[in-house]
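The residues making up each chain are set out below.
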Amino acid sequence: MRPPPRQRLLARLLLLLGSIGLAGATWGPWVAFASPGLTLLGIDLAEYVKFLPEVRSGALHVAREQFYLPLFTLSVGLSLLSLLGAPWLHYRPARLLLALLAIPCALALLPPAWSPATFGQAEFQPQIRMLIVALVLALIGLLTPGWRQRYGRQALAILLAVLALAATLLPLWQWSRVRPAIEVVYQRSSSLGWGGWALLLGGMALTAGALLLAWSERALDA
């Protein structure tokens, strides 16, 4: 039994909106300020928080690599969607485009002012591992015409849903922990910018879309 066209359209729409939301969470402001120099983008948070006095003194422990999860999930999600293939993406050029878009997203995980010596530093190891995984999946997406095995596609969709949920909740949790310290530095209260809200809405949309996709793959077997 094939899933209803409306259901397939809804899944595509949720996956698209979720990917856009993760992009907004990465390059959108989490701390908005009148001066662009004081605005904190999602992609900058992982580096910024390590300079907070509470973090430097050890009074506040932050898993700063979790702020990279939206970007990592965006890259991996594009690669997974390229692997899913038909019936969700009928044309191979569309799948190749998703895999190609995943590559610059993965490269954005590179440490600032990176060099071969940088890769050996312990503080950058988590994001380097994320970078390697994201690049490998993007290359697989480029070289593989689509995952034909139905149960394999269902597993990929479930994996994407779990990853999207983690990429939504964990950075927001870390934000709630560092927000008071950021407010001390800025000397004002700080509400979550639209980049953070984009993560919440986009992450939920991506999670729902991936679950709907997984359920639809199961319906194809009924």
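Refer to the structure above for everything that follows.
Here's what I pulled together on the structure shown here. (Residues numbered from 1 in each chain as written. Predicted model: local features only at pLDDT ≥ 70, side-chain atom pairs only at ≥ 80, totals over all residues. Heavy atoms only, no water.)

## Digging into unusual backbone geometry
- Of note, the phi angle at Gln187 is positive, near 55 degrees, even though the residue is not glycine.
- Among the secondary structure elements, Gln187 is positioned in the loop between α8 (150-186) and α9 (194-219).
- Accessibility expressed as a relative area gives 73% for Gln187, which makes it exposed. (Helix = DSSP H or I, 4+ residues; strand = E, 2+ residues; numbered from the N terminus. Buried < 20%, exposed > 50% of the residue type's maximum accessible area, 1.4 Å probe, protein only.)

## Comments concerning empty space enclosed by the protein
- If you walk through the whole model with that rule in mind, you get one cavity of 30 Å³ or more.
- In this model, the largest cavity occupies a volume close to 30 Å³.
- Forming the boundary of the largest cavity are Ala25, Thr26, Trp30, Gly42, Ile43, Leu45, Phe67 and Pro70.
- Every element with two or more residues in the lining of the largest cavity is listed here: α1 (5-27) and α2 (42-48).
- With three residues, α2 is the single largest residue contributor to the lining of the largest cavity.
- Looking at the lining of the largest cavity, its residues break down into six nonpolar, two polar and no charged. (1 Å grid on protein atoms, 1.4 Å probe; cavity = no way out; pocket = protein on both sides within 12 Å on 5 of 7 lines; lining within 4 Å. Points joined across faces, edges and corners; volume = space filled by probe spheres on them. Nonpolar A, V, L, I, M, F, W, Y, C, P; charged D, E, K, R; others polar.)

## Concerning the pattern of salt bridges
- Summed over the entire model, instances satisfying the criterion amount to five salt bridges.
- The partner of Lys50 in a salt bridge is Glu47, and the shortest N-O contact between them spans 2.9 Å. Across the pair, Glu47 and Lys50 agree in class, each one buried.
- A salt bridge links Glu47 to Arg64, with the nearest nitrogen and oxygen atoms 3.2 Å apart. With Glu47 in helix α2 and Arg64 in the loop between α3 (53-57) and α4 (69-84), this residue pair connects regions lying 17 residues apart in the sequence.
- Residue classification places Glu47 among the buried positions, given a relative accessible area of 16%.
- Linked by salt bridges that have partners in common, Glu47, Lys50, Arg64 and Glu123 make up one network. (Salt bridge = Lys/Arg side-chain N within 4 Å of Asp/Glu carboxyl O.)

## A few points about a nonpolar patch on the surface
- A contiguous nonpolar patch, built from Leu10, Leu13, Leu16, Leu17 and Ile20 and spanning about 460 Å² of accessible area, is present on the exposed surface.
- Its location among the elements puts Leu17 in helix α1.
- The exposure class of Leu17 is partly exposed, given its relative accessible area of 43%. (Patch = residues over 30% accessible without salt bridge, like charges linked within 9 Å, V, L, I, M, F, W, Y side chains within 5 Å. Areas by Shrake-Rupley, 256 points an atom, 1.4 Å probe, with all protein chains shown as cover.)

## Some words on the packing of aromatic side chains
- In this structure the tally under the stated criterion is two aromatic pairs.
- Consider the rings of Trp30 and Phe67, whose centres lie 6.3 Å apart with planes at 90 degrees: the pair is edge-to-face. Here Trp30, found in strand β1 (residues 29-31), pairs with Phe67, found in the loop between α3 and α4; they are 37 residues apart in sequence, far enough to count as distant. An identical accessibility class is assigned to Trp30 and Phe67; each is buried.
- The interplanar angle of 70 degrees and the centroid separation of 6.0 Å between the aromatic rings of Trp30 and Trp175 together place this pair among those described as edge-to-face. Taken together, the residues span a long stretch of sequence, with Trp30 in strand β1 and Trp175 in helix α8 at a distance of 145 residues. For the residue pair Trp30 and Trp175, the accessibility class agrees, reading buried in each case. (Phe/Tyr/Trp six-rings, centres within 6.5 Å; stacked < 30°, edge-to-face > 60°.)

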